[in-house]
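Chain and residue survey
The chain contents come next:
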Amino acid sequence: MTETLETPAKRLGLLLADPRVIRAIELVWHEADLLDRKEYDTWQSLYAEDGHYVIPIDPETEDFANTLNMVYDDARMRQMRVTRMTEGYAIAAVDSARTVRTVSRFVVEQVADEKVVLRSSQVLVAYKRGHHDLWAAEVTHTIRLSETGDRIALKVVRLVDGEDAVPAAGFLL
């Protein structure tokens, strides 16, 4: 008798078919679309009130509160960032780049009735004044699932060049 072992690819396929995972992936794709369309106020509404948006410098850290980050935004800081990008004269908003994101290679880290944790790759192309910039990152989303609406509890953007000098961006990653 031959025992059939579940392959990693089969296990991943089963996880990606889980309705909770599908909901989480759809939220991540919706977030990318909102950011590309510069709908920052709507983007903010995707976050849980206690959610964080983080771009760490150290690619290995998990202790975001006690390490240096490029971005470590709670609800208040996200609101301030969006206000700077949408109101009045701000270097980050004036003549900001047009962006197109591709988010793919989803890996399910955790799935439960109330939470899904996904890792994905993101490639962002930004275009401004005849020049293209490429931003690549591994992104981890912790999605809080709820009957009243799924929300991002944590988004961590680990830029592939995050330990190097990274130019200022007039857009959100």
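Okay, so let's go over this structure. (Residues numbered from 1 in each chain as written. Predicted model: local features only at pLDDT ≥ 70, side-chain atom pairs only at ≥ 80, totals over all residues. Heavy atoms only, no water.)

Topic: the nonpolar core
A general tendency of soluble globular proteins is for nonpolar side chains to be buried together. Core analysis: the largest hydrophobic core is formed by 36 residues, its most contacted members being Trp 43, Tyr 53, Leu 118, Val 157, Phe 171 and Leu 173. The set of elements that each furnish at least two residues to this core consists of helix H2 (19-36), helix H3 (40-44), strand S1 (47-56), helix H4 (75-86), strand S3 (98-111), strand S4 (115-128), strand S5 (131-144) and strand S6 (151-159). With 8 residues, the top contributor of residues to this core is H2. Here Leu 173 is in contact with Leu 35, Tyr 53, Ile 55, Arg 101, Gln 122, Leu 124, Trp 135, Lys 155, Val 157 and Leu 159, once residues within four sequence places are set aside. (Core = buried A, V, L, I, M, F, W, Y, C linked by side-chain atoms within 4.5 Å. Buried < 20%, exposed > 50% of the residue type's maximum accessible area, 1.4 Å probe, protein only. Helix = DSSP H or I, 4+ residues; strand = E, 2+ residues; numbered from the N terminus. Contact = heavy atoms within 4.5 Å.)

Description of the pattern of salt bridges
Taken as a whole, this structure holds 13 salt bridges when the rule is applied. Residue Lys 155 pairs with Glu 31 through a salt bridge whose shortest N-O separation is 3.1 Å. Of this pair, Lys 155 sits in strand S6 while Glu 31 sits in helix H2; the two residues are 124 residues apart in sequence, bridging distant segments of the chain. Like Lys 155, the residue Glu 31 is buried in the burial classification. We note a salt bridge from Asp 33 to Arg 37, for which the minimum N-O separation is 2.5 Å. Assessed through its relative accessible area of 34%, Asp 33 is described here as partly exposed. Relative accessible area serves as the criterion here: at 44%, Arg 37 is assigned to the partly exposed category. (Salt bridge = Lys/Arg side-chain N within 4 Å of Asp/Glu carboxyl O.)

No statement about biological role is implied by the geometric values presented.
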